[in-house]
Amino acid sequence: TENAGTYACAGCNAPLFASRDKFSSGTGWPSFSAALEGVEEEDMDPIRATLDGREVRCGNCGGHLGDLFNDGWIYRGTTAARTGKRYCIDGAALVFKPEGGGEDVFGDIPPPGKVIRYEQSMYRGA
């Protein structure tokens, strides 16, 4: 969406991304150049993280959001070119909350009968 607001976790409603940081990456996945404090990033070797990306999860409930890639610089003319980051996020993990109120906009909805189970992040401190 091009409207002002916040993208929240579909699992627990924690704020994760600001609409001002959303950009079109052409990948088909919602992409963001920066995250709010509610996103936790997998801690891994910087070289491996650059090649493979690293997992990002909701810092509140541990729900899987997607991956973070350090290729933002290739998206010239976007906010990602400034940060060097591309958060590639699963639309089903997000709910858009318009600034000033209004109807929430849900991302992809799981197929009928599909149960989503959230698991504790493997890299979160116990």
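Keep in mind it's a predicted model, so treat the numbers as computed, not measured.

Asks: Can you walk me through the overall build of the chain in this structure?
Replies: Along the backbone of the chain there are two helices and 10 strands. The linear arrangement of helices and strands in the chain, starting from the amino end, is β-β-β-β-β-α-β-β-α-β-β-β. Of all 126 residues assigned to the chain, the portion counted as buried reaches 40%. Taking the intrachain contacts of the chain between residues at least 6 apart in sequence as the baseline, contacts between residues at least 24 apart amount to 46%. Roughly 7700 Å² of accessible area belongs to the chain as shown, and the carbon and sulfur atoms make up 50% of that amount.

Asks: Explain the environment of Gly-53 to me, please; I cannot follow it from the model alone.
Replies: By the element assignment, Gly-53 lies in the loop between helix H1 (46–52) and strand S6 (54–58). Judged by its relative accessible area of 6%, Gly-53 falls in the buried class. Separated by 35 residues in the primary sequence, Gly-53 and Cys-88 have C-alpha atoms spaced 9.6 Å apart. In this structure Gly-53 touches Met-44, Arg-48, Leu-68 and Phe-69, once residues within four positions along its chain are discounted.

Asks: Just to check I follow, could you spell out the pairing of strand S2 (residues 15–18) for this structure?
Replies: In summary, the side chains of a regular strand alternate between the two faces of the sheet. Pairing of strand S1 (residues 5–9) with S2 involves three bridges; the strand directions are antiparallel. From the neighbouring strand, Tyr-7 faces S2, where its bridge partner is Phe-17. In sequence, S1 turns back onto S2 through a hairpin of five residues, with Asn-13 there showing a positive phi of about 80°.

Asks: How should I be thinking about the pattern of salt bridges in this particular structure?
Replies: A side chain with one charge can pair with a side chain of the opposite charge if their charged atoms come near. With the rule as written, the count across this model stands at four salt bridges. Here Glu-55 makes a salt bridge to Arg-57, at a shortest N to O gap of 3.0 Å. Taken individually, Glu-55 and Arg-57 each receive the classification buried, so the pair is uniform in this respect. For the salt bridge of Lys-97 with Asp-104, the shortest nitrogen-to-oxygen distance reads 2.6 Å.

Asks: I would appreciate a short explanation of the confidence of the model for the chain in the present structure.
Replies: Note: predicted coordinates in regions of low pLDDT should not be interpreted at a detailed level. Of all residues in the chain, 83% attain a pLDDT of 70 or more, and the chain-wide mean is 84. Per-element mean pLDDT across the chain ranges from 75 in H1 up to 96 in S2.

Asks: Before we go on, may I ask you to explain the nonpolar core in this structure?
Replies: The tendency in soluble globular proteins is for nonpolar side chains to be buried as a group. Within the largest apolar cluster, 16 residues are counted, with the highest numbers of intra-cluster contacts made by Leu-16, Phe-17, Leu-65, Tyr-87 and Ile-89. The set of elements that each furnish at least two residues to this core consists of S1, S2, S6, strand S7 (64–69), strand S8 (86–89) and strand S9 (94–98). Not counting residues up to four positions away in its chain, the partners in contact with Leu-65 are Leu-16, Phe-17, Val-39, Val-56, Arg-57, Cys-58, Cys-88, Ile-89, Asp-90 and Ala-93.

Asks: What am I meant to see in the pairing of S8 here?
Replies: Burial along S8 is two-sided: Arg-86 and Cys-88 and Tyr-87 and Ile-89, pointing in opposite directions, are all buried. Sheet topology places strand S4 (residues 31–32) next to S8; two bridges connect them, and they run antiparallel. Bridge pairing in S8 places Ser-31 opposite Cys-88. Alignment of S7 against S8, held across four bridges, turns out to be antiparallel. Counted as the bridge partner of Phe-69 is Arg-86 from S8.

Asks: Looking at this model, I keep getting lost on the packing of aromatic side chains. Mind explaining?
Replies: Aromatic rings in a pair are described by how distant their centres are and how their planes are angled relative to each other. Within the structure shown, the criterion is met by five aromatic pairs. The interplanar angle of 20° and the centroid separation of 4.3 Å between the aromatic rings of Phe-17 and Phe-32 together place this pair among those described as stacked. In this pair, Phe-17 sits in strand S2 while Phe-32 sits in strand S4, placing the two residues 15 residues apart along the sequence. On the basis of relative accessible area, Phe-17 is assigned to the buried category, the value being 0%. Put simply, the rings of Tyr-7, Phe-17, Phe-32, Tyr-87 and Phe-96 touch in pairs and so form one group of aromatic residues.

Quick notes on the rules
- Residues numbered from 1 in each chain as written.
- Predicted model: local features only at pLDDT ≥ 70, side-chain atom pairs only at ≥ 80, totals over all residues.
- Heavy atoms only, no water.
- Helix = DSSP H or I, 4+ residues; strand = E, 2+ residues; numbered from the N terminus.
- Buried < 20%, exposed > 50% of the residue type's maximum accessible area, 1.4 Å probe, protein only.
- Contact = heavy atoms within 4.5 Å.
- Areas by Shrake-Rupley, 256 points an atom, 1.4 Å probe, with all protein chains shown as cover.
- Pairing = 2+ DSSP bridges.
- Salt bridge = Lys/Arg side-chain N within 4 Å of Asp/Glu carboxyl O.
- pLDDT = per-residue confidence, 0-100.
- Core = buried A, V, L, I, M, F, W, Y, C linked by side-chain atoms within 4.5 Å.
- Phe/Tyr/Trp six-rings, centres within 6.5 Å; stacked < 30°, edge-to-face > 60°.

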